[in-house]
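Here's the letter readout for the chains.
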Amino acid sequence: MNSMTKNDDILVDWQSRHQDLLGVHAIKLHHRLIDTGLFSREVLGRLIERCPKNELGLESVSFEGEQHQRLYGELGAASGMEAIDAIAKGRMWMNIRRVMDWAPEYQALLTRIFDEFDARMGGFKTFKRNLGVLISSPNCRVPYHADIQGQSLWQIEGVKRIFLYPRSDVFMPSTNIEKILLRETTEDMPYRGWFDEFATVYDLHPGEMLTWPLYAPHKVENHDCLNISVTMEHWTQQIWNSYAVHYGNGVLRRTLGLQNSSTRDHGIHVYPKAASAFLWKKSGRQITGDVVSKRDFRIDAASPIGRTDIAGAQ
Ligand SMILES: [Fe+2]
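Residues numbered from 1 in each chain as written. Predicted model: local features only at pLDDT ≥ 70, side-chain atom pairs only at ≥ 80, totals over all residues.

Participant: Please clarify how the overall build of the protein should be interpreted in this entry.
Facilitator: Helices and strands together make up the secondary structure of the protein, namely 8 helices and 14 strands. Every one of the 314 residues in the protein was classed for burial, and the buried ones make up 32%. Excluding contacts between residues fewer than 6 apart, the proportion of contacts in the protein whose partners are at least 24 apart in sequence is 78%. (Helix = DSSP H or I, 4+ residues; strand = E, 2+ residues; numbered from the N terminus. Buried ≥ 20, exposed ≤ 12 C-beta atoms within 10 Å, placed from the backbone. Contact = placed C-beta atoms within 7 Å.)

Participant: I keep staring at the packing of helix α6 (residues 174-181) against helix α7 (residues 237-255) and nothing clicks. Help me out?
Facilitator: When two helices pack together, their arrangement is given by the angle between their axes and by how far apart the axes lie. The N-to-C vectors of α6 and α7 enclose an angle of 95°; their axes lie 9 Å apart at closest approach. Looking at the two axes, α6 sits roughly perpendicular to α7. Every residue of α7 that contacts α6 at Ser174, Ile177, Glu178 and Leu181 is listed here: Tyr243, His246, Tyr247, Asn249 and Gly250. Here the contact of α6 with α7 is built from residues that sort into 4 nonpolar, 4 polar and 1 charged. (Axes fitted to C-alpha atoms, helices over the stretch in contact; angles between N-to-C directions. Parallel < 35°, antiparallel > 145°, perpendicular 65-115°, else oblique. Nonpolar A, V, L, I, M, F, W, Y, C, P; charged D, E, K, R; others polar.)

Participant: Any chance you could explain unusual backbone geometry here in plain terms?
Facilitator: Among all residues except glycine, the phi angle is most often negative; among peptide bonds, the trans geometry is most common. Phi at Arg98 is positive, roughly 45°, even though this residue is not glycine. Look at Arg98 and you get partly exposed, because 17 C-beta atoms sit within 10 Å. Phi is positive for Lys128, which is not a glycine, with a value near 45°. Relative to the helices and strands, Lys128 is located in strand β5 (residues 127-136). Among the residues examined, Lys128 registers 12 C-beta atoms within 10 Å and is labelled exposed.

Participant: Just checking my understanding: could you explain the sheet that holds β5 for this structure?
Facilitator: Where strands meet in a sheet, backbone hydrogen bonds hold them as pairs that are either parallel or antiparallel. Here 10 strands make up an open sheet; going across it, the order is β1-β10-β7-β12-β5-β4-β2-β3-β13-β14 and the pairing mixed. This sheet does not close on itself; its edge strands, each paired only once, are β1 (27-30) and β14 (307-309). Direction aside, neighbouring strands of the sheet carry axes that sit 25° apart on average. (Pairing = 2+ DSSP bridges.)

Participant: I tried to follow helix α2 (residues 41-50) on my own but got confused; where do I start?
Facilitator: Given 3.6 residues per helical turn, the α-helix brings residues three or four places apart onto the same face. Residues of α2 that are buried include every one of Leu44, Leu47 and Ile48, and no others. For α2, the angular spread of buried residues about the axis comes to 105°, placing them on one side. Seen from the open side of α2, the exposed residues pointing more than 90 degrees away from its buried face are Glu42 and Arg50. Structurally, α2 contributes buried residues whose contacts are with α3 (80-89), β4 (93-96), β5 and β12 (227-235). (Arc of directions from axis to C-beta.)

Participant: Would you take a moment to explain the environment of Gly76 for this structure?
Facilitator: The topology assignment puts Gly76 in the loop between β3 (67-74) and α3. What makes Gly76 partly exposed here is the crowd of 16 C-beta atoms within 10 Å. Sequence-wise, Gly76 and Phe297 are 221 residues apart; in three dimensions their C-alpha atoms are separated by 9.5 Å. If near-sequence neighbours (up to four positions away) are discounted, Gly76 is found in contact with Arg298 and Ile299.

Participant: In this structure, what is going on with the sheet that holds strand β6 (residues 141-145)? I would like to understand it.
Facilitator: In space, the 4 strands of this open sheet follow the order β6-β11-β8-β9, with antiparallel pairing throughout. Among the strands making up the open sheet, the edge pair consists of β6 and β9 (200-204). Each adjacent strand pair in this sheet contributes to an overall mean axis angle of 15°, direction not counted. Judged from the 5 bridges that link them, strand β8 (residues 160-164) and β9 form a sheet pairing that is antiparallel. In the sheet register, Lys160 faces β9, and the bridge partner there is Leu204.

Participant: Any chance you could explain the packing of α2 against α3 here in plain terms?
Facilitator: With their axes 7 Å apart at the nearest point, α2 and α3 run at an angle of 110° to one another. When the axes of α2 and α3 are compared, the pair comes out roughly perpendicular. As α2 packs across α3, the resulting crossing turns out to be right-handed. Seen from α2, the contacting residues are Arg41, Leu44, Gly45, Arg46, Leu47, Ile48 and Glu49; seen from α3, they are Gly80, Met81, Ala83 and Ile84. Split into classes, the residues belonging to the contact of α2 with α3 amount to 6 nonpolar, 2 polar and 3 charged. (Left-handed = near helix turned anticlockwise from the far one by under 90°.)

Participant: Help me understand the nonpolar core, please; the structure alone is not making it clear to me.
Facilitator: One recurring pattern in soluble globular proteins: nonpolar side chains tend to sit buried together. The biggest cluster of nonpolar side chains holds 59 residues, and the ones touching the most others in it are Leu44, Ala83, Ile87, Ile135 and Val230. Tallying contributions element by element places α7 first for this core, with 6 residues. When residues of this core are assigned to domains, at least three map to each of domain 1 (18-235) and domain 2 (237-289). (Core = buried A, V, L, I, M, F, W, Y, C linked by C-beta atoms within 7 Å. Domains from an automatic or database assignment.)

Everything listed here is a matter of geometry and, on its own, says nothing about what the molecule does.
Encoded structure:
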């Protein structure tokens, strides 16, 4: 315990230097989410059953060398606990999305956590906060990708290994970030095995959280155990400015063929880019949403791999 924390804080070992590091460098801290009682298997089993269908994501990835293919699943008639048992013996992950929107006790927790951050980060104001729960199989892997907002990962059960890559044009060119922001692609990005030689590797154990620099590419590999993790997202004015700049650059590149690659997220040049980004959005030229129409598998707790293929899907 240090002088910056109180007994009821969710973050245990925050220190003043983290104020400068957050969002710029990777930070690993300890948390007390488990003590809230909101993340036991039993409580999460009930949460799965409360989850609106469109907020429950089930996915699996088959890897072949550096390539991979995503498969999409559904809960079917399984109970929440059956689903967790199925995930424990299968190779898939469940994303319980936007929990704060439909479960008030998690909204209260999210507010409490970001009030803690805001109090410690003088002048730091977060918005569009998001809390999700990720339940994933032993040895499950999430492919190399980058996210568009501030991210943190909070481990509840099991151990996962996070490979974090440098935020440079070698590992994630600005043009790729623009593609993600313009939603012209899923957030998966070209990956080469040798990238790992440049990764910083973290093993995340229960009670630990990790946050990393904006747009830093990463991939995740579970150890040989069921993993339960909480994912949180947030936006700040600076993150929004950065989004507007990249988005605007992407639009200009597409409409005017400009090679303008300034990505500074402050100063007067932000505003014309934000305006062009807005116009691009209004024009409806993005691909739409994350809605998955095809389901490839269904949870099946009785199956040795926790799922059955849905006929007709591939
Ligand atoms: Fe991510």
